[in-house]
Every structure is written in structure tokens, then in C-alpha cells.
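Descriptive analysis of the structure
Given next are the chains, with one letter for each unit.
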Amino acid sequence: MTSAETEYQHPLMKAYWAQLDTRFKQVEDVFEDLMAEALAILGREELHHYLDAARIIGKLGRGVEPMLAFLEEWPSVVKALGEARTAPLLASLASPQGGALPASGRPVDGEAVLPDVMAFIMKMQKSPNGKAITPFLQTLAPVARKLLSREQMAIYLEIARDLMDRTTGSVHGHHTTFPSPGLPWFYAQAPFLLSQLTLAGLKNWVDYGVANYRHHPERQEDYFNLQSADSKAVLQRERHGTLFADVERKLDLYLRGLWNDSDHLVPYSTAFDELRKPVPYYDKLGMRIPDVYDDFLLPARPGGEDTRISGLDRYRATLAHMVGHRRWTTAQVADNWSPFQRMAVEFFEDCRVETLLCREYPGLKRIFLALHPQPREGACDPETTSCLRHRLAMLSRALLDPEHGYQDPTLNDYAARFHALLAGGPADTAAVADLALSYVARTRRQSDQFAKVWFEDTVVDYRDDNRQMWKFIEEGDEEDAFDEKRKIEPGEELEGLPPRHYPEWDYKSQTYRPDWASVYEGLHPRGNGNHIDKLLLKHAALAKRLKRLLDLLKPQDKVRIRFQEEGSELDLDVAIRSLIDFKGGATPDPRINMSHRTDGRDIAVMLLLDLSESLNEQAGSSGQTILELSQEAVSLLAWAVEQLGDPFAIAGFHSNTRHDVRYLHVKGFSEHWDDEVKSRLAAMEAGWSTRMGAAMRHAAHYLGARKADKKLLLILTDGQPSDVDSQDERLLIEDARQAVKELDQESIFTYCISLDPKADEYVNDIFGRQYTVIDNIQRLPEKLPELFLALTK
Amino acid sequence: MSSTDKEQYKVRKEPYYQAQGNEVALFEAAYRNRLPVMVKGPTGCGKSRFVEHMAWKLGKPLITVACNEDMTASDLVGRYLLEANGTRWLDGPLTTAARIGAICYLDEIVEARQDTTVVIHPLTDHRRTLPLDKKGELIEAHPDFQLVISYNPGYQSLMKDLKQSTKQRFTAFDFDYPDAALETTILAKETGLDEALAGKLVKIGQTARNLKGHGLDEGISTRLLVYAATLIKDGVNPVEACQMSLVRPITDDADIRETLDHAIDATFA
């Protein structure tokens with residue numbers, strides 16, 4: 001079939017078809033529809049250019065796809081880029097096409113982009129990247145809808161061109177021969193990327209990929225297809241909006257300062273979960289909030305200004321709401337209520353806590369009201385749709401906003417009753433629940449049962465999911481096992497550096513097994529640092545005692561030595577006194593100078609904690625596990641050392657065969673004893689075995705790098721070195737002993753604090769005389785710091 | 001014996017002081033028996049104001065010494081000065097107080113070096129004498145003389161704590177920031193600000209006090225709240241007054257500033 005055989009009735013269509021000059025059957029099939037769309041959007045001049053461009057693309061020799069894609073997408077591109085302009089006239093005057101207005105009077109902005117796009121397509125065509133033309137054209141319209149302006153589009157093209165230039169392969173400086181592996185994927189992902197990133201962010205994301213995977217085609221594909229972990233991580237970092245990571249401390253301070261509350265804040269990702277939008281919530285493990293909030297823009301009511309709520313303020317609203325529940329909400333038994341009733345109770349209770357929050361800080365009201373949707377009265381038709389959500393959202397608005405303007409008498413009645421209830425004081429959850437139930441009963445409609453639910457303007461996104469508001473007498477399937485104790489699973493990814501390999505000493509052959517143990521290191525996960533503060537508080541009396549000891553040890557860096565006959569400075573006080581003595585006729589004291597002496601402590605200390613499974617055992621009759629006692633002891637020690645100002649690091653270790661020795665940093669030398677460190681210490685968990693030698697060598701690797709006169713490695717353990725893959729008991733003991741010797745040669749003093757009452761059998765072999773066995777584990781918290789002080793005196 | 005003008009040390013106008021407990025009566029009892037008094041508490045919670053108020057109430061002169069770490073014993077006791085034709089003895093503030101029978105108030109005593117604080121020992125027990133070894137004189141303290149010291153246990157470092165031998169010579173008051181209602185009254189009385197506004201200031205103050213230990217060494221003191229109230233009374237916009245007098249002085253930490261600024265906005269909305 002050829003164009004000659006096709007006969008269009010309309011002369012114009014005929015002309016267009018002739019201009020397109022193509023024989024592709026697929027184009028012919030849809031040509032009329034395409035033209036109908038194009039004619040609706042493009043002016044005459046534009047249409048002319050459009051068809052020209054399509055013809056050129058059709059003749060690139062890339063098959064029908066690029067041409068079809070262009071024909072289909074371009075009108076939308078023009079629409080997207082054109083509509084964003086408010087001054088089409090000015091824009092058209094400034095456009096390269098000159099002053100001629102298109103016949104339709106539509107903006108020509110989209111048109112002005114065409115030469116750029118065509119130039120770019122030709123560039124791709126000439127490079128080995130011709131195959132990427134189709135994906136480029138296919139996503140051009142969604143991209144344009146995200147960018148909305150011609151300038152932005154030009155930047156997008158620039159980024160794409162840059163990516164293409166830099167990743168198109170040339171082997172040994174030959175001519176460019178390999179297509180860029182990531183480019184098609186990049187185009188495919190571009191709409192999603194632009195929904196998450198600003199153009200600057202996109203540029204950074206691309207730069208990172210190019211810089212790291214330029215010579216690695218497969219990894220490059222993964223990166224630009226958003227398959228690799230770091231690709232997602234960089235995306236996360238560059239996202240627009242207020243990132244949780246950037247404001248974490250502010251939020252923590254906000255909770256503490258304004259609400260006298262604090263908890264572990266845990267972000268959840270919002271980027272990759274399009275279907276199931278997660279909602280904030282809190283439970284025993286902390287408060288869960290989104291990892292990013294965009295600024296929220298509330299369009300102005302007529303005559304007013306737009307309200308902008310910053311991402312930070314949205315976070316604050318979310319947290320404040322949760323705090324409200326934590327303060328004032330008591331859990332209700334849910335079993336006897338229907339889901340509708342529960343929903344109503346939740347809406348009422350949410351409003352109650354928000355009202356109380358606003359009493360505390362009136363300024364919150366502005367934020368809540370801006371973020372709360374304003375459902376339009378009568379927007380939902382109760383004949384066809386379930387309007388329960390709509391009714392409740394309206395009510396919720398009315399309860400918070402005195403200027404709601406709703407006419408519904410029932411709604412106004414309940415708003416008044418709600419305010420009357422709260423007028424006398426905070427009331428309680430049960431009281432508003434009664435009100436809510438009566439409201440549901442009063443307004444119930446048959447249509448509430450309909451499957452078609454009205455959702456528009458009913459979601460209050462700063463409110464949590466209210467899971468703490470309900471308790472169930474019967475265990476239903478609704479409940480999730482949130483509070484189950486976490487167990488360390490083998491194979492759980494430790495985020496950190498690649499492994500380091502250490503040799504292990506084989507005492508039978510008296511040789512090292514080279515690169516035998518693989519040590520993975522990483523930061524210890526974080527928990528709730530308040531826990532540690534509480535522990536310290538518990539030991540306040542002990543801390544006071546320690547403080548006195550510390551006082552004596554505390555170095556005074558520069559010590560003034562007075563009354564010297566010769567010294568570096570004149571001691572004015574003494575000099576005048578001597579002069580007075582002299583004038584008064586007495587013998588003056590000739591020792592009128594002073595000098596300085598540095599009196600510093602120069603000792604670097606590393607505490608290595610055995611985190612093996614046996615720490616989970618109970619310590620005597622105290623009801624505490626050895627782990628908990630260790631936590632207390634380490635907290636006190638860390639606090640004490642911080643007071644002294646010695647460089648001090650804490651790390652934990654455990655192992656699961658020689659292939660997986662984990663070394664977890666709790667506190668680095670350069671870190672202070674702050675909330676961050678405390679939170680890591682609080683999250684300490686025990687599991688697996690004790691491969692001590694490898695951990696000691698790794699600790700020495702850090703300690704050895706310190707510039708200190710004296711280096712001390714403290715090892716806190718509750719048993720002998722062992723591991724599941726080592727049958728011979730002696731082997732790891734001998735290896736640890738060898739490690740101690742090695743450390744000795746690096747002038748690192750090793751000292752062991754053993755909690756194993758039977759330690760005498762082996763600890764002597766490993767550490768010589770450098771150990772203490774603490775029999776009464778319950779006294780560990782006071783023993784450990786004292787021991788440290790005695791050692792370093 | 002002394003030509004010092006006793007009147008100049010008198011507190012003439014009643015300093016406003018709102019008691020938090022029965023400290024006024026207790027202080028009076030201590031004074032009746034001439035027991036030395038130690039006043040502890042965070043900065044700006046009213047320690048000095050309390051002492052001033054008591055001096056006024058008892059009608060005794062008050063000599064205040066702000067201690068610093070370069071202060072020597074002779075700065076307290078007195079020293080010889082050089083003159084053209086010899087030397088002349090000049091009494092230090094402590095000596096003057098002991099001679100004229102004043103209340104001697106050593107503010108932030110721990111700032112002074114430890115050897116300095118020892119000179120007050122003989123004045124604080126049954127002896128009530130002050131030996132001037134350089135001059136070869138032993139001063140019997142005037143019957144009205146009383147020693148009051150103050151310090152802030154909060155921000156002092158380990159190195160700066162009083163010796164036990166010093167501590168054990170004093171009776172002590174433990175001060176803290178007053179509770180919200182009382183502090184509101186204080187602000188209102190001190191500056192004439194209305195109670196509602198004063199209550200808001202107090203709320204901001206408590207926000208900062210909650211942050212102590214998390215980036216703030218010390219919360220917003222009552223003194224700063226009084227500054228803020230004074231500014232507001234003078235017609236300054238409350239938000240700006242708070243930023244100027246409550247936030248900017250206490251921290252340079254951007255996160256804390258932002259949190260406190262937010263608290264101010266939220267409170268004054």
C-alpha cells in the first residue's frame with residue numbers, strides 16, 4: 001500500500017498527508033486521529049513544522065516507531081509547555097520564529113522548542129545512540145508535563161546530551177563506536193525521575209552515575225534504570241522537598257522543647273511505594289514519619305495570599321498530632337464497633353487532640369488549617385456514592401475551623417456539642433467517642449455501604465493511622481506482629497565497608513593462616529538514646545563518686561609554676577610584693593618569675609565489646625541480662641572518659657564463622673558522648689559467637705593509627721573465644737593470645753575484663769596478667785569505670 | 001577604726017522579690033544566728049536578687065564581689081599599695097565588710113581559685129575573725145557581719161567545685177527557676193506586663209529549659225524573660241522581642257534557634 005492509493009476526502013488532509021510523505025501503514029491507520037488532536041492544539045505554522053519534523057524523523061531509517069512516537073507525543077508537549085506561559089504574546093514575539101503570530105493565536109513556545117529537539121534527535125542519529133531516539137520521544141510528553149517551560153526543557157535536553165556525550169563508548173581513544181548503555185533507560189525513567197527531582201537534582205543524579213559507571217556498561221544500565229541500590233540512594237539524597245535526614249535534629253529538638261516528649265524517629269520511604277501510600281504512625285519502637293515532605297501550597301481564597309507550609313512545618317504538624325494522641329488519647333476497645341463507627345471516633349478524637357494542641361500553642365492552628373482539606377459541601381452525591389468520609393472530613397474541618405461556613409444543621413449542632421464538651425477541659429477519649437457514635441447514628445444513610453467511596457478532599461495527611469487508639473479483646477487478623485522481638489538473622493545485610501581480611505594463628509603448625517577471617521565493619525544501628533540517659537540517671541550516685549576520682553585525674557593542660565628565680569614570665573603579683581618588701585626595708589623574695597609546664601594525659605582508649613549470644617543470659621538474680629548490665633557499665637565508662645577528655649572509641653563484635661565477623665562501631669574517636677552515640681549503644685543486641693582474635697586485630701588497626709603516647713585496648717567479654725566453625729577449643733584461644741602479642745609489638749596495651757566465673761582456666765593463657773575477672777556481674781557498672789581509672793592513673 | 005561610709009553599701013529601694021518557698025524566713029533565721037549562707041542555682045534564677053532583697057529587709061549594708069578565676073586572696077582581703085614615699089594598706093571588700101558589719105556576698109565563688117576561697121574559712125566558723133598576715137592584724141568581725149556565697153552547680157566543670165572543707169561551713173539554699181505560675185507572676189510584677197502575655201513568655205522559657213543537655217547548656221533564665229517582658233512593655237513586637245532577648249543570646253546553634261523561633265511563632269500566633 002502506498003500513499004498514492006490513500007485518498008483523503010478533505011483537501012487539507014490530503015495536503016497534510018502529502019507533506020508527511022510516508023508509506024508506513026501504521027501511521028496511515030491513525031493519521032486522522034493524530035491530525036484531529038494536532039489541529040486542536042497546534043496553529044497553522046506550527047502544524048507545518050510538526051509535519052516537516054515528522055517527515056524527517058520518518059526518514060531516519062529507524063522504522064516507524066520514532067515517527068509514531070513523535071506524532072503522538074508532540075501535540076501534548078506543545079500543550080504542556082505552552083499552557084504554563086501566561087504571556088503568550090510576549091513569548092511569541094521573542095521566539096525565533098519572529099513576530100508572526102500563529103493563526104490560532106496559541107502560544108508558540110512549544111514550537112520554539114522544536115528546532116532544539118530536532119537538533120538533538122539528529123545528534124543522536126549521527127552518534128551510535130540512534131536506538132535511544134524512540135524512548136526519548138516516547139517519554140517527551142510526560143517529561144514536558146513535569147517541566148512546564150521551555151527553559152526547563154532546554155536544560156533537560158542539555159542534561160541528556162551531556163549524558164550521551166560522556167557515556168558513549170570509545171575504546172582506546174578510537175572513534176565512538178559503542179552506544180551509551182544507560183541512555184535509553186534514562187529516557188524511560190525520566191518522567192519518574194522528574195517527579196522526584198528538580199532539574200538540578202537530576203543533573204547531580206546523572207553526574208553521579210556517569211562518574212562512577214562510565215566504564216562499566218552493565219552497572220550503568222542498572223544505575224540509569226533505577227535498579228541498583230546506590231542509584232536509589234542518590235535519588236533519595238537529591239529529592240526535592242524537606243528531607244527527614246536534614247531536619248532530624250530539629251524535629252528531635254522540637255519534640256523535646258515544645259512538647260517535652262521524645263522518641264526514636266524512624267522515616268519510611270515514600271518514593272517507591274506508589275500504590276500503598278504509607279501513613280505516619282507510632283508504636284513502641286518509635287514514631288514513623290515520611291522521609292520527605294514537599295512544601296505545601298494552599299491556593300489563596302479570593303482576595304488573599306497563598307499560604308505556604310514548609311516541609312519542616314508539615315513534619316512538625318505530624319509530630320504534634322502524634323504527641324497529642326500520646327498525651328490525651330486512651331485506647332478504646334474496638335471489638336464492639338463497626339468500621340464506620342471506628343472511623344467516626346477517630347475523626348472526632350483527632351479533632352479533640354488538635355484542639356488541645358492548639359490551646360497549648362495557638363500558632364499550630366494556622367498549620368493544621370492549611371493542611372486540612374476543605375471538602376466542599378454537597379460535592380458528594382449520597383444517591384450514588386458512599387459519603388461517610390466526606391461527611392466526617394467536613395465535620396472535622398468544622399470542628400477545627402470556626403469559619404467553616406457549612407450550612408448543614410446537624411453538622412453545626414455537633415460542632416457546638418463538641419466545643420461545649422471541650423470547653424470545660426480536655427475531656428477524654430470515651431466522651432468524644434460517645435459523641436462520635438451518636439453522630440454516626442444520626443447521619444447514617446443507606447448509601448454509606450456503597451462500594452464507591454468518596455475520597456476526594458477527605459484525607460488529612462498529617463494525621464497518623466490511629467493504631468494506638470484501639471485495643472482488641474479478641475486477637476483479630478487485623479493485628480500485625482509489630483512488637484515481636486527482632487532477631488539478628490544470618491545473612492542480614494550490614495551496610496558498611498567491604499570486608500577486611502585478617503590472618504589467624506594455627507598453633508598446631510605454628511603458622512598463620514593467611515587472610516582467614518573476613519571482618520565486616522559498619523555503624524551500629526541506632527535505637528532510642530533516652531534509654532541510656534535513664535541508665536545514667538539510675539547510677540547518679542555512682543557517677544558522683546566517680547566524678548571525684550576523675551577530678552584527681554583530670555589533666556590541667558598548662559600548669560603554672562610560680563615562685564621561680566628564673567622563668568618564662570614575670571609574676572607581677574609576686575614582683576610587686578617583693579618591691580613592697582624592699583621598700584618597706586625587708587628582704588625581698590627573689591623568686592619573682594613563673595613558668596609553665598604541660599601536664600597532659602595522652603592516652604587513647606578503645607573498648608571492644610563481645611556481643612555474642614551468651615550476653616542474653618540472666619546475670620544472677622538481678623533480673624537483668626548481662627547485655628543490659630554491660631550497657632550500663634559502658635555508659636558510665638563512656639561518660640567518665642568524656643569528662644576526662646581522653647580519645648575513646650567503642651566497638652562491638654560477634655561472628656558467625658570466619659567468613660562473617662561483624663565489627664560494629666558504637667563510638668568513634670572523634671565523636672563525643674552525644675545523643676547519636678547513646679542511641680547506638682541503646683540498640684546494642686547480642687547474637688552469634690566470639691571470634692576474638694580477628695576483632696582485636698581490627699581494633700588495633702584503628703587504635704594503632706592514633707597518635708597517642710599510650711594506647712589501651714579494653715576487652716569486655718563473658719566467655720572464651722569460640723566460633724561455630726571451630727571444633728578445636730584451643731585454636732581460637734591461641735589465636736587470641738597471638739593477637740595480644742601482636743598488639744604488644746604495636747605498643748598497644750591489651751586488658752581483658754572477663755565476666756566468666758570460670759575464666760581463670762583460659763584467660764591467663766591469653767592475656768597473661770592483664771585481666772580482671774568480675775565475679776559479681778551486678779557490680780559491673782561501678783567496677784568498669786573504676787578499673788579504667790585505676791589503669792590509667 | 002574605719003572611715004568607710006557604711007551608708008553607701010545600703011540597699012535603699014526595695015528590690016522586688018517573689019518568694020518561692022519560705023526562704024525569706026529561713027534566711028532571717030540564719031542571719032539572726034550569723035550563720036554563713038550558700039545560695040545555689042542556675043544562672044538568672046534570682047540568687048543575687050534574693051540576697052539584695054534580704055539585705056534590704058534586714059537593713060544591712062551589702063558588699064558584693066564578683067569572683068573570677070584571676071582573683072587572688074589579696075583581692076579579697078586587701079593589699080599594700082606603693083606610694084611615692086612608701087606603702088599604704090588598702091582594705092579589700094571582705095575586710096571592709098568584716099569591719100563595718102555588712103553582708104559580704106561572694107558571687108560565683110567557684111570561679112575563684114581554690115586557694116583564694118580558703119581565706120574565708122576563719123570568718124565562717126565560731127572564730128569569726130580575719131587574720132591579715134601581711135599587715136600583722138587580726139580583725140574581729142563586726143557583730144552584724146555575715147558571709148553569703150553563691151554558685152551555679154550546673155555549668156561548672158569538674159575542676160570547679162568547692163572543696164568539702166568550704167562547703168561544710170555553710171547553710172545552703174537550692175534555687176531553681178520558679179514554676180510556671182509563679183514565674184508568670186514575677187514577670188508581671190517586675191515589668192507590669194499583663195499576665196496572659198507573661199504566661200506565654202514563661203512557656204517559651206520552658207521550651208528552652210526542656211532542651212537543656214541537648215545542645216543548650218542552660219535554659220532561658222528568668223532574667224532573660226524579664227528582659228523580653230521589658231521590651232514588650234516598651235512596645236516592641238513580642239515575636240521580635242523574644243528573638244532578641246530569649247533566643248539570640250543563648251545559642252548560635254542553628255537548629256536550636258529554629259526550634260525556639262518556631263516555639264515563639266506558635267505561641268504568639
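Because the structure is predicted, anything quoted here is derived from the model rather than measured. (Residues numbered from 1 in each chain as written. Chains lettered and ligands numbered in written order. Predicted model: local features only at pLDDT ≥ 70, side-chain atom pairs only at ≥ 80, totals over all residues.)

**Notes on the overall build of chain A**
- Counting its regular elements, chain A contains 29 helices and 20 strands.
- Sorting the 793 residues of chain A into buried and exposed places 38% on the buried side.
- Of all intrachain contacts in chain A linking residues separated by at least 6 positions in sequence, the fraction that spans at least 24 positions is 71%. (Helix = DSSP H or I, 4+ residues; strand = E, 2+ residues; numbered from the N terminus. Buried ≥ 20, exposed ≤ 12 C-beta atoms within 10 Å, placed from the backbone. Contact = placed C-beta atoms within 7 Å.)

**Thoughts on the overall build of chain B**
- Along its length, chain B carries eleven helices and nine strands.
- The buried share among the 269 residues of chain B stands at 41%.
- The contacts in chain B between residues at least 6 apart in sequence include a share of 72% that link residues at least 24 apart.

**Focus on the packing of helix α15 (residues 311–328) of chain A against helix α16 (residues 339–360) of chain A**
All names here are of chain A.
- The interhelical angle for the contact between α15 and α16, taken along N-to-C directions, is 105°, at an axis separation of 9 Å. In terms of orientation, α15 and α16 fall into the roughly perpendicular class. Two secondary-structure elements touch here, α15 through A320, H321, G324, H325 and W328 and α16 through V353, E354, L356 and L357.
- Looking at the contact of α15 with α16 residue by residue, the class counts come to five nonpolar, three polar and one charged. (Axes fitted to C-alpha atoms, helices over the stretch in contact; angles between N-to-C directions. Parallel < 35°, antiparallel > 145°, perpendicular 65-115°, else oblique. Nonpolar A, V, L, I, M, F, W, Y, C, P; charged D, E, K, R; others polar.)

**Examining the interface of chain A and chain B**
- At the interface, 26 residues of chain A touch 25 residues of chain B.
- Elements with a minimum of two residues in the side of chain A that touches chain B: α14 (244–259), α17 (364–371), α22 (540–553) and α23 (572–583) of chain A.
- A breakdown of the residues in the side of chain A that touches chain B according to their chemical character gives nine nonpolar, five polar and twelve charged.

**Focus: the sheet that holds strand β2 (residues 265–268) of chain A**
Residues and elements named next belong to chain A.
- Pairing is mixed across the open sheet formed by three strands, whose spatial order is β2-β4-β3. Each edge of the open sheet is held by one strand with a lone partner, namely β2 and β3 (281–283). Neighbouring strand axes in the sheet, compared pairwise and without regard to direction, differ in orientation by 25° on average.
- Pairing of β3 with strand β4 (residues 286–290) involves three bridges; the strand directions are antiparallel. Among the inter-strand pairings, D283 is bridged to a residue of β4, identified as G286. (Pairing = 2+ DSSP bridges.)

**Quick look at the nonpolar core**
- Core analysis: the biggest nonpolar cluster contains 72 residues, and L607(A), L608(A), L637(A), M696(A), L713(A) and L714(A) have the highest contact counts within it.
- Ranked by residues supplied to this core, first place goes to helix α24 (residues 626–644) of chain A with ten residues. (Core = buried A, V, L, I, M, F, W, Y, C linked by C-beta atoms within 7 Å.)

**Focus on the confidence of the model for chain A**
All names here are of chain A.
- Summarising the model, chain A shows a mean pLDDT of 82, and 88% of its residues fall at 70 or more.
- Confidence, read as mean pLDDT per element, is least for helix α5 (residues 88–94) in chain A (38) and greatest for α15 (93).
- Here residues 84–110 is modelled with pLDDT under 50, and outside its nearest four sequence neighbours on either side it reaches 41 contacts, counting other chains as well.
- Every residue in residues 483–491 scores below 50 in pLDDT, and together they form four contacts with partners more than four places removed in sequence or on other chains. (pLDDT = per-residue confidence, 0-100.)

**Here's the deal with the sheet that holds strand β1 (residues 37–40) of chain B**
Residue and element names in this part refer to chain B.
- Strand order across the open sheet formed by five strands is β2-β5-β8-β1-β9, with parallel pairing between neighbours. The sheet terminates laterally at β2 (62–66) and β9 (171–174), the two strands that pair on one side only. Direction aside, the axes of adjacent strands within the sheet are offset by 20° on average.
- Helix-sheet contacts for helix α4 (residues 93–100) involve β2 and β5 (103–107), and the interaxial angle to β2 is about 165°.

**Let's talk about helix α12 (residues 217–224) of chain A**
Residues and elements named next belong to chain A.
- Taken together, the buried positions of α12 are occupied by Q220, D222, Y223 and F224.
- Next to the buried residues of α12 lie α9 (150–167), α10 (183–196), α11 (199–213) and α13 (229–238).
- L226 lies just past α12 and shows a positive phi near 60°.

**A short note on the pairing of strand β19 (residues 748–754) of chain A**
Residue and element names in this part refer to chain A.
- Of all seven residues making up β19, five are buried, and the element is well covered by its neighbours.
- Here strand β18 (residues 710–717) runs beside β19; their pairing, made up of seven bridges, is parallel. The residue bridging L712 from the neighbouring strand is F749, located in β19.
- The pairing of β19 with strand β20 (residues 771–773) spans three bridges and is parallel. The partner of I753 across the bridge, within β20, is T772.

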